[in-house]
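Per-entry structural report
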Amino acid sequence: MIGELGRRTSTALLVHSALIQAVTFLVRPAATYRALELDVPGFALGLLAASYAVFPLLLAVPTGGLVDRLGERRLMAIGSAVVLSCSAFLLLWGSSIVALVIGTALLGAGQLACVVGQQAVVANNAASSRMDSAFGYLTFAASLGQALGPLAISLVGGASIRPDTHAIFLLSVAMGLVLFATTFVVPAHVSGGRKKAGGPGPSGSAVSLLKSPGVARALATSATVLAVVDLTMVYLPALGADRGLTAATVGAMLTVRAVFSMVSRLLLGRVSRRIGRMRLLVVSLALSTAALAAAAIPMPAWLLFVVMAVLGLGLGIGQPLTMSWLSAQAPAGQRGRALALRLAGNRVGQVVLPSAIGVVAAGLGAGGVFLASAAVVGGTLLLLRGVQLD
């Protein structure tokens, strides 16, 4: 249960969180398969991948201000409508690389609006003592959706090397309709963080928000954790290849990491109440640092599975806790803006940190990347000095 919301509304919010991620992780690979059908050059695939991040990077902060003014359900409805329109556009007109890039960019914009709205519902309604638990459930639902999307491709594609993209886009339209309908189960007025009607709206720029105590450090911690998740997905296969591990083994390791991240999010509220938010965040970052460093050391495959499980526990805790941190630190009426700023910071981190770590560890191979990642995550512990999260 989230704050003052009933069970029906909370369930709708979690379903909405899972669905938007499922549609995203369904449409993006389908767009790539469609591009391959069109025999586009390699640089066009890179453009297709980058187009998804364009709108979230440019519109994250304005979208945060919008949710603080219009309300969460309206923004979620707008985002759901954009995602539905994107799926229909790709189904009917996604027959060129230009159309695929446009559709993918629109998907990024719609996904941003949905996620900001969902997170604002939690931030504005969860009691302080329940916020970690609420964000834990929300991010668990998102992780579940990220697993269901690719699974749907497997079911539609069967054993074929290139699945039927028309069928996948048709499925995404059906899921988009359910996503849009689910939005309206969430009450129109759920926010406990905005000004009352007739009063002045929330004010303050992104710069002033960054000057709020702890906000910049929360953003840096969140961006670091998410960038390391991306690095793990990219470099674990390279590490496995260096050590002679099969693709199936590496895939199983990535699955173990993801499953343990989901488990950590389910248990987040209970553990946070027992040991405290600040101590839990420190423990999660320390576990992540140790696991990343250990992964660089040659070891039997079974032990690397254990390391990936520990890494999943550590990294899984970081994202929901930084959401709670930002929600607690942001001024009244600006929680949506703060959470949107976090999403923008995550996008920047996903570009800057992997590039920087890749350059630094270029001569050290995949193991060097894991060591450098351990150093970066360990460094974020310094950001927590003097911060009170409980």
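Keep in mind it's a predicted model, so treat the numbers as computed, not measured. (Residues numbered from 1 in each chain as written. Predicted model: local features only at pLDDT ≥ 70, side-chain atom pairs only at ≥ 80, totals over all residues. Heavy atoms only, no water.)

What follows deals with the side chain of Ser80. Its location among the elements puts Ser80 in helix α3 (residues 72-93). Take Ser80: its relative accessible area is 0%, and that puts it in the buried class. Polar side-chain contacts of Ser80 include one of 3.2 Å to the side chain of Thr183. (Helix = DSSP H or I, 4+ residues; strand = E, 2+ residues; numbered from the N terminus. Buried < 20%, exposed > 50% of the residue type's maximum accessible area, 1.4 Å probe, protein only. Polar contact = N/O pair within 3.5 Å; in protein donor to acceptor, adjacent residues only side chain to side chain.)

This paragraph deals with a nonpolar patch on the surface. Together, Val54, Leu57, Leu58, Leu59, Val348, Val351 and Val352 make up a nonpolar patch on the protein surface, roughly 590 Å² of accessible area in all. Every element with two or more residues in the nonpolar patch is listed here: α2 (42-70) and α13 (335-360). Top contributing element to the nonpolar patch by residue count: α2, with four residues. Of note, Val54 is situated in helix α2. (Patch = residues over 30% accessible without salt bridge, like charges linked within 9 Å, V, L, I, M, F, W, Y side chains within 5 Å. Areas by Shrake-Rupley, 256 points an atom, 1.4 Å probe, with all protein chains shown as cover. Salt bridge = Lys/Arg side-chain N within 4 Å of Asp/Glu carboxyl O.)

The subject of this paragraph is the side chain of His16. Looking at where His16 falls in the secondary structure, it is placed in helix α1 (residues 7-37). Given a relative accessible area of 0%, His16 falls into the buried group. Only 3.0 Å separates the side chain of His16 from the side chain of Ser80, close enough to count as a polar contact.

In this model, helix α4 (residues 97-125) (29 residues) spans 42 Å end to end at C-alpha, consistent with the 42 Å of a helix rising 1.5 Å per residue. Counting buried positions along α4 gives 25 out of 29 residues, so the element sits mostly inside the fold. (Expected span 1.5 Å × (residues − 1).)

Before going further, it helps to spend a moment on the packing of aromatic side chains. Applying the stated criterion across every chain, the model contains two aromatic pairs. Ring centres 6.0 Å apart and planes at 45° place the aromatic pair Phe89 and Trp93 in the tilted group. One end of the pair, Phe89, and the other, Trp93, are both in helix α3, four residues apart, so they sit about a helical turn from each other. A centroid spacing of 5.1 Å and a plane angle of 80° characterise the contact between Phe180 and Phe184, whose relative ring orientation is edge-to-face. When the ring centre of Tyr52 is taken as origin, the NZ or CZ atom of Arg28, which lies over that ring, is 4.0 Å away. (Phe/Tyr/Trp six-rings, centres within 6.5 Å; stacked < 30°, edge-to-face > 60°. Lys NZ or Arg CZ within 6 Å of the ring centre and 35° of its normal.)

On to the packing of α2 against α3. The geometry of α2 relative to α3 is characterised by a closest axis approach of 7 Å and an angle of 130° between their N-to-C directions. Of the possible angle classes, the one that applies to α2 and α3 is oblique. Residues Thr63, Leu66, Val67 and Leu70 of α2 form the contact with α3, whose participating residues are Glu72, Arg74 and Leu75. In the contact of α2 with α3, the residues fall into four nonpolar, one polar and two charged. (Axes fitted to C-alpha atoms, helices over the stretch in contact; angles between N-to-C directions. Parallel < 35°, antiparallel > 145°, perpendicular 65-115°, else oblique. Contact = heavy atoms within 4.5 Å. Nonpolar A, V, L, I, M, F, W, Y, C, P; charged D, E, K, R; others polar.)

Taken as a whole and assessed by the stated rule, the structure comprises zero disulfides. With no disulfide of its own, Cys86 has Cys114 as its nearest cysteine by sulfur position, at a separation of 11 Å. (Disulfide = S-S within 2.5 Å.)

Time to look at the pattern of salt bridges. Per the stated rule, a full pass over the model turns up two salt bridges. Arg34 is paired through a salt bridge with Glu37; the nearest N and O atoms lie 3.4 Å apart. Here Arg34 and its partner Glu37 are both found in helix α1, three residues apart, which amounts to about one turn of the helix. Residue Glu37 is classed as partly exposed on the basis of its relative accessible area, which comes to 36%. Ionic pairing is found between Arg277 and Asp132, a salt bridge with its closest N-O pair at 2.8 Å. Of this pair, Arg277 sits in helix α11 (residues 277-295) while Asp132 sits in helix α5 (residues 131-157), placing them 145 residues apart in sequence.

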